Amino acid sequence: MQNEAILTLVQWLSPAYPVGAFAYSHGLEWAVEAQDVHDSATLSAWLEGVLRHGAGWCDALFLAAAYRADDPKEVDRMARAFAPSAERLKETTLQGAAFAETTGQVWGSALPALTYPVALGHSARRHDLPLELTLQMYLQAFMANLVAAGMRLIPLGQTNGQTLIKRYTPLCAAIAAEAIEGTLDNLSSTAFLSDIASMKHEQQYSRIFRT
């Protein structure tokens, strides 16, 4: 069962799973244009801030709360309210709806259209997947998607990109462990530059990402 759980999560969080994660930069595209992120070192700092103090931490709490909830609707409402910009709300709702639609069709059980971390947490519970592993793999996939965006935007070489993913995978595991012990009372977001970037991206003239 453990091997089956791992393989299920690998499938759900693979770039091949049709949630459209490749289309979202989480505001990074504006940060690159503004030269706040311009090389491996500045991208590294950006990643750490988002994971520790921004969407990484908050999404982990939402996922864990949805996993534990009999009905995830209240958690989902809070996740929507906590989105700092229209683009962030679009990012989480569209990916969540795509995840719910595909997972419902493939696994044969209808899922409501929820925000992405809530949809994943709720689905993981329904399929008896381990919470900590779900958290770890969600955070790593989120981080790796930001690295992939950075590789396209800066540009950053493939080796540098993979080095960053390796560097921040232990942090993903640490945040997952903290989120398991936390509740929604621990919600906090102080990744202000990332939030501002998502707001600025809405008005960015030339862009290749949706957010």
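The chain goes by Urease accessory protein UreF in an unreviewed UniProt entry, where it is assigned to Roseovarius litorisediminis. According to the UniProt record, the Sequence similarities (unreviewed entry) comment for the chain is "Belongs to the UreF family." UniProt lists a comment for the chain under the heading Subunit (unreviewed entry), and it reads "UreD, UreF and UreG form a complex that acts as a GTP-hydrolysis-dependent molecular chaperone, activating the urease apoprotein by helping to assemble the nickel containing metallocenter of UreC. The UreE protein probably delivers the nickel."

A. Structural view of unusual backbone geometry. The step from Ile-154 to Pro-155 runs through a cis peptide bond, and the omega angle for that step is -10 degrees. Here Pro-155 lies in the loop between helix H8 (131–153) and helix H9 (158–181). The phi dihedral of His-26 falls on the positive side, at around 60 degrees, and the residue is not glycine. Take His-26: it is sitting in the loop between helix H1 (2–12) and helix H2 (28–33). Assessed through its relative accessible area of 4%, His-26 is described here as buried. Of note in this structure, Asp-128 is not a glycine but carries a positive phi near 55 degrees.

B. How the structure looks around the side chain of His-201. Within the secondary structure, His-201 is located in helix H10 (residues 192–201). When its relative accessible area of 0% is taken as the criterion, His-201 is described as buried.

C. Geometry of the pattern of salt bridges. Applying the stated criterion across every chain, the model contains six salt bridges. Note that Glu-48 and Arg-52 form a salt bridge whose closest N and O atoms lie 3.0 Å from each other. Of this pair, Glu-48 and Arg-52 both sit in helix H3 (residues 40–53), four residues apart, which is roughly one turn of the helix. Using a relative accessible area of 30% as the deciding quantity, one classes Glu-48 as partly exposed. On the basis of relative accessibility, which here comes to 41%, the residue Arg-52 falls in the partly exposed class. Residue Asp-70 pairs with Arg-125 through a salt bridge whose shortest N-O separation is 2.8 Å. Here Asp-70, found in the loop between helix H4 (55–68) and helix H5 (73–82), pairs with Arg-125, found in helix H7 (residues 116–126); they are 55 residues apart in sequence, far enough to count as distant.

Cut-offs applied
- Positions within a chain are numbered from 1, following the residues in the order the chain's sequence is written.
- Local features are withheld for residues below a pLDDT of 70 in this predicted model, meaning they are given only at 70 or higher, and side-chain atom pairs are given and counted only at 80 or more; totals for whole chains, interfaces and linings count all residues.
- With hydrogens and water excluded, all non-hydrogen atoms of the structure serve as input to the side-chain values.
- UniProt positions are given in the numbering used here, feature names are shortened, and annotations may be inferred rather than shown by experiment.
- Only DSSP runs of H or I reaching four residues or more are called helices, and only runs of E reaching two or more are called strands; each is numbered from the N terminus.
- Buried residues are those whose accessible area, probed at 1.4 Å on protein chains only, stays under 20% of the maximum for their type, while exposed residues exceed 50% and partly exposed ones sit between those limits.
- When a carboxyl oxygen of Asp or Glu lies within 4 Å of a side-chain nitrogen of Lys or Arg, that pair is called a salt bridge.

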